[in-house]
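# Inside the fold
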Amino acid sequence: STYDMIETLLHFGRIRNYSRVFSLLQPSPEVVSLFDQIIVLSEGHILYAGKIEEVEGYFADLGFRSPEFVDLADFLQLISTEDRESLYEGDGPCPGVEEMASHFRYHSLQGGDIQILLNSAHRNKLDVHGSVQTQSGNVLQMDGVRRQYANGFFRSLYLITRRFLLLWIRDKKVLAFSVVRNIINGASVGGAFFNATDFLSIQGAMFQTGIFVLLGSLQSI
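What you see is a predicted model; the values in this text were computed from it and never measured.

### Here's the deal with the overall build of the protein chain
Along the protein chain, the regular secondary structure elements total 10 helices and 5 strands. Expressed as a percentage of its 221 residues, the buried residues of the protein chain come to 21%. Partitioning the intrachain contacts of the protein chain with sequence separation of at least 6 by distance along the chain shows that 36% fall at a separation of at least 24.

### A look at the confidence of the model for the protein chain
Per-chain confidence: the protein chain averages 78 in pLDDT, with 84% of residues scoring 70 or above. Confidence, read as mean pLDDT per element, is least for strand E5 (residues 139-141) in the protein chain (48) and greatest for helix H3 (residues 55-61) (89). A low-confidence stretch, residues 132-140 (pLDDT under 50), is modelled with 19 contacts involving residues beyond four sequence positions or located in other chains.

### Some words on the layout of surface pockets
The computed volume of the largest pocket comes to approximately 890 Å³. Taken together, 25 residues form the lining of the largest pocket, with Phe22, Phe35, Gln37, Ile38 and Ile39 sitting closest to its centre. Elements represented by at least two residues in the lining of the largest pocket include exactly strand E1 (37-42), strand E2 (45-51) and helix H4 (72-79). Here the element with the most residues in the lining of the largest pocket is E1; it accounts for 5 residues. Residues that form the lining of the largest pocket fall into these classes: 16 nonpolar, 7 polar and 2 charged.

### Overview of unusual backbone geometry
A positive phi angle, near 60°, is found at Asn17, a position not held by glycine. By the element assignment, Asn17 lies in the loop between helix H1 (2-16) and helix H2 (29-32). Positive phi is not limited to glycine here, since Glu43 has a value of about 55°.

### With respect to the environment of Phe193
Structurally, Phe193 is set in the loop between helix H9 (172-192) and helix H10 (199-220). In this structure, the C-alpha to C-alpha distance between Phe193 and Gly204, residues 11 residues apart in sequence, is 8.4 Å. The contacts of Phe193, once residues within four sequence positions are left out, are Ser201, Gly204, Ala205 and Gln208.

### Considerations on the packing of aromatic side chains
Under the counting rule described, the total for this entry stands at 9 aromatic pairs. Between the aromatic rings of Phe153 and Phe154, the centroid separation amounts to 5.3 Å while the plane-to-plane angle is 80°, which identifies the pairing as edge-to-face. No difference in accessibility class separates Phe153 from Phe154, as the two residues are exposed.

### Here we look at the environment of Ala205
Assignment of secondary structure puts Ala205 in helix H10. On the accessibility criterion, Ala205 (16% relative accessible area) is buried. Distance in space between the C-alpha atoms of Ala205 and Ala192 is 8.3 Å, their sequence separation being 13 residues. Those residues in contact with Ala205 that sit more than four places away from it in its chain are Val189 and Phe193.

### Here we look at a nonpolar patch on the surface
On the surface, Phe164, Leu165, Trp168 and Ile169 cluster together into a nonpolar patch covering about 430 Å² of accessible area. Along the chain, Ile169 turns up in helix H8 (residues 153-170). By relative accessible area, which is 48% here, Ile169 ends up partly exposed.

### A word on the pairing of E2
Bridge count between E1 and E2: 6 bridges; the pairing is antiparallel. Pairing of Val40 across the sheet is with Tyr48, part of E2. Hairpin connection from E1 to E2: 2 residues lie between these consecutive antiparallel strands, with Glu43 at a positive phi of about 55°.

### Brief notes about the side chain of Ser80
Assignment of secondary structure puts Ser80 in the loop between H4 and helix H5 (97-107). Setting aside its immediate chain neighbours within four residues, Ser80 contacts Val40, Leu41, Ser42 and Leu47.

Parameters and conventions
- Counting from 1, residues in each chain are numbered in the order their sequence is written.
- With the structure being a predicted model, the display of local features is reserved for residues of pLDDT at least 70 and the display and counting of side-chain atom pairs for 80 or more, all residues being used for whole-chain, interface and lining totals.
- In computing side-chain values, all of the structure's heavy atoms are included and hydrogens and water are not.
- Note on conventions: DSSP H or I runs of at least 4 residues are helices, E runs of at least 2 residues are strands, and numbering of each starts at the N terminus.
- Buried residues are those whose accessible area, probed at 1.4 Å on protein chains only, stays under 20% of the maximum for their type, while exposed residues exceed 50% and partly exposed ones sit between those limits.
- The contact criterion used throughout is that any non-hydrogen atoms of two residues lie within 4.5 Å.
- Scored between 0 and 100, pLDDT is the confidence that the predictor attaches to each residue.
- Only protein atoms enter the 1 Å grid, on which a cavity is a set of points fitting a 1.4 Å probe that cannot get out and a pocket is an open set with protein on both sides within 12 Å along at least 5 of 7 lines, lining residues being those with an atom within 4 Å of a point.
- Grid points are joined across faces, edges and corners, and a volume is the space filled by probe spheres set on the points.
- In this classification, Asp, Glu, Lys and Arg are treated as charged, Ala, Val, Leu, Ile, Met, Phe, Trp, Tyr, Cys and Pro as nonpolar, and every other residue, Gly included, as polar.
- Any pair of Phe, Tyr and Trp rings, taking the six-membered ring for Trp, is counted once the centres come within 6.5 Å. Such a pair is stacked with planes under 30 degrees apart, edge-to-face with planes over 60 apart, and tilted for the rest.
- Exposure above 30% relative accessible area and the lack of any salt bridge qualify a residue for a patch; like charges then connect within 9 Å, and the nonpolar side chains Val, Leu, Ile, Met, Phe, Trp and Tyr within 5 Å.
- Shrake-Rupley sampling with a 1.4 Å probe provides the accessible areas, and residues are treated as covered by the protein chains on show and by no other component.
- One side-chain nitrogen of Lys or Arg within 4 Å of one carboxyl oxygen of Asp or Glu is enough to make a salt bridge.
- DSSP-based pairing: two strands are paired if at least 2 bridges between them are found.

Structure follows, in structure tokens:
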């Protein structure tokens, strides 16, 4: 499940002292409770970025109250949509996305830090022609980078075929099941059309064989 996957990744991340970034659509309350920090986005704007235990209080200061029957994940999802008006209990009209993003950017500590980083010069600059200029002044052309790491047709065909065979051989249970299934299908078709000499029977055998091959291909996809 999603909860088990997230919990496992968080466990290994803490062991190796790595930062973990997850992008989820409609996560469950149990999954959200695993996060240390959370970023709420809406229409390309950052509405909140910070500790998860402070997010409900932050929006409460803006006038948004979470109903008792709504968990934190659904509350944040409502905040990022037009349904936020049903949660607003503050004075005046309900703030829009741009107003909420502006408030976070200029009236919160986390928003101020993010704004400083966004306004600071990046170590690499991208011009309109698609080239990257590094901090040392070297210019890397995008076309040159693509050519450097591009594979030819036969090289790509070899890599794709090798990957397919590796995955196919690795799953021994599915491979054994496929062999047994093909033997049973072959025996059933052969038994049904054994000693068939007329054209319609041969055509029926070929059609049924094609159906079995097609169904097997769909299962592998």
